[in-house]
Amino acid sequence: VCSCSSPKYFTFAHMTKKMSSNFQRRKIRVVDVQLGHRSYSIKVGAGLLSRLGKECAGLGFEKSCAIISDSNVAPLYAAQAMESLNLAGFNPVLVTVPAGEKSKCWEMVQACHEQIAKHRLERKSFIIALGGGVVGDLAGFVAATYLRGVDFVQVATTLLAQVDSSVGGKVGVNLRAGKNLVGAFHQPRLVLSDLETLATLPMREFRAGMAEVIKYGIVFDAELFNQLEQSMAKLLDQDTRTMAAVIERCCEIKAAVVWQDETESGIRAILNFGHTIGHGLEAISSYGNYLHGEAIAIGQVAAARLSEKLLGLPEEEMNRIEALFQRAGLPTQVQLNEGQQQDLIAAMQNDKKVSAGAVKFVLTASIGKASFGCQVPNELVVSTLSRLRGTA
Ligand code: NAD
Ligand code: GLY
């Protein structure tokens, strides 16, 4: 169920002033996603939430808007977001959904539509996703479908959202049959990643986001992978400068990939490294046991093992990949009984990446390079999974 509250008028004016003077000295990193008339900027920096209203005003939006957030993020950041929008002359309404992957469902889309219709959002109104990947995917899909599409802005508050889900326009929800099976490509008009919001993110969630960061190193950038090996401790400590540089690099990579292949007819598939098995694990645990980042950490290690067998990924690199996930505090193995293994194989058949009935994998021949559309014999997937089971 969705809850919806009318605008609150907390006064943050003095804080906004103080923050904006600090802000002058703070660096904002900007990455542009080049997609013709749908191009937009990703802004990364500390204190950006207080600039939300100004940034939206700069995009020439109409006054009425909705913030879609979740029950963890809204109490922390919605008042500041509303205040910033009010100060810039907007008329925001807040819609709050329960936190967690289960909110990425069809029923919640409908509930959000009803709430924003009640508040009379119009064709030129806009929606702000304030939260992590769940809220971003859900709110983005609500924006893509309400009145056949309204503008939206991503305010990403998890590491995973800041490096991946807020960028690139994939929005959607899950079905019981599988992850993200209903969705659209709907690019945001702006992405704001305020590093300060990461301070309240639970450590387990922060580590889960690191799984997507490591992914960029494996599939695209060996130099980034080396840097992560060197600076993982600093990153887990949330050293602001190191974090900002890494988030910026991940966004540059994602922007470059999306620029080449917005709707995933080719190279964008490399961003799904580890996701075939990962999404399967999420589906068989009913989107409960594993966080998305944890499931794809296990999936990436499994994909690296398949790469060793099929593409000759050197053993030393395989070991470095596994070790980096472990240093990030992420799971790399899973205990599955016979029945669960069968369920996982069946869930993988329901993945979006299935083509003509064959499950397609992204594999890597060496760190920094990825191949997509790789067919993997079912027996090899099963034996890799049994190996995971044996070593769990
Ligand atoms: P999430 O949105 O569920 O956020 C994780 C948890 O942290 C939630 O409980 C949330 O309430 C809480 N939270 C968020 N920000 C917080 C903050 N600053 N302080 C305190 N708590 C905070 O999960 P996620 O890991 O951000 O995203 C996972 C989702 O993203 C999955 O559904 C996945 O499929 C999707 N995803 C989408 C894409 C894409 O391209 N669209 C890419 C990767 C992942
Ligand atoms: N996270 C995969 C993609 O955006 O394509």
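The notes below deal with the structure included here. (Residues numbered from 1 in each chain as written. Chains lettered and ligands numbered in written order. Predicted model: local features only at pLDDT ≥ 70, side-chain atom pairs only at ≥ 80, totals over all residues. Heavy atoms only, no water.)

### A look at helix 3 (residues 73-87)
Think of an α-helix as 3.6 residues a turn; residues three or four steps apart then line up on the same face. With 15 residues, helix 3 extends 21 Å from end C-alpha to end C-alpha; this agrees with the ideal 21 Å at 1.5 Å per step. Among all positions of helix 3, only V73, A74, Y77, A78, A79, Q80, A81, M82, E83, S84, L85 and N86 are buried. Positive backbone phi, at 95°, marks G89, one or two positions downstream of helix 3. (Helix = DSSP H or I, 4+ residues; strand = E, 2+ residues; numbered from the N terminus. Expected span 1.5 Å × (residues − 1). Buried < 20%, exposed > 50% of the residue type's maximum accessible area, 1.4 Å probe, protein only.)

### Points about the pattern of salt bridges
Scanning the entire structure with this criterion turns up 19 salt bridges. Residues R38 and E262 are paired through a salt bridge, measuring 2.6 Å at the closest nitrogen-oxygen approach. With R38 in the loop between strand 2 (29-33) and strand 3 (40-45) and E262 in the loop between helix 9 (240-260) and helix 10 (275-284), this residue pair connects regions lying 224 residues apart in the sequence. Under the relative-accessibility criterion, E262 is labelled buried at 17%. Residues E212 and K215 are paired through a salt bridge, measuring 2.9 Å at the closest nitrogen-oxygen approach. Remark: K215 and E212 occur in helix 7 (residues 203-219); sequence separation between them is three residues, near one turn of the helix. We note that E212, like K215, is buried. (Salt bridge = Lys/Arg side-chain N within 4 Å of Asp/Glu carboxyl O.)

### Some points on the sheet that holds strand 13 (residues 369-375)
If you trace the three strands from one edge of the open sheet to the other, you get 11-12-13, paired in antiparallel fashion. Two strands lie at the open edges of the sheet, namely strand 11 (354-355) and strand 13, each paired on one side alone. In terms of strand pairing, strand 12 (residues 358-366) meets strand 13 through four bridges, oriented antiparallel. Opposite S366, over in strand 13, you have K369 as the bridge partner. (Pairing = 2+ DSSP bridges.)

### Looking at helix 5 (residues 133-145)
Between its first and last C-alpha atoms helix 5 spans 18 Å; for 13 residues at 1.5 Å apiece the expected length is 18 Å, and the two agree. By the burial criterion, the buried members of helix 5 are G133, V134, V135, G136, D137, L138, A139, G140, F141, V142, A143 and A144. Once helix 5 finishes, L147 follows within two positions and takes phi at roughly 50°, a positive value.

### Let's talk about the state of the cysteines
In this structure the tally under the stated criterion is zero disulfides. Free cysteine C250: the closest other cysteine sulfur is in C251, separated by 6.9 Å. With relative accessibility at 0%, the residue C250 sits in the buried group. (Disulfide = S-S within 2.5 Å.)

### Some words on the packing of helix 7 against helix 12 (residues 315-327)
Running from N to C, helix 7 and helix 12 point in directions that differ by 160°, and their axes come no closer than 10 Å. In terms of orientation, helix 7 and helix 12 fall into the roughly antiparallel class. Seen along the crossing, helix 7 lies across helix 12 with a hand that is right-handed. When helix 7 is examined against helix 12, the residues A211, I214 and I218 are found in contact with a partner set consisting of I321, L324 and F325. For the contact of helix 7 with helix 12, a count of residues per class yields six nonpolar, no polar and no charged. (Axes fitted to C-alpha atoms, helices over the stretch in contact; angles between N-to-C directions. Parallel < 35°, antiparallel > 145°, perpendicular 65-115°, else oblique. Left-handed = near helix turned anticlockwise from the far one by under 90°. Contact = heavy atoms within 4.5 Å. Nonpolar A, V, L, I, M, F, W, Y, C, P; charged D, E, K, R; others polar.)

### Quick word on the site of ligand 1
Taken together, 28 residues form the shell around ligand 1, and within it D70, E101, T158, K179 and T200 come nearest. K104 is positioned with one of its side-chain polar atoms (N or O) 2.9 Å from an oxygen atom of ligand 1. K170 is positioned such that a nitrogen or oxygen atom in its backbone is 2.9 Å from a nitrogen atom of ligand 1. Relative to its unbound accessible area of 870 Å², ligand 1 is 92% covered by the protein chains. Secondary-structure elements contributing two or more residues to the shell around ligand 1 are helix 3, helix 5, helix 6 (159-165), strand 9 (178-185) and helix 7. (Near = heavy atom within 4 Å. Polar contact = N/O pair within 3.5 Å; in protein donor to acceptor, adjacent residues only side chain to side chain. Areas by Shrake-Rupley, 256 points an atom, 1.4 Å probe, with all protein chains shown as cover.)

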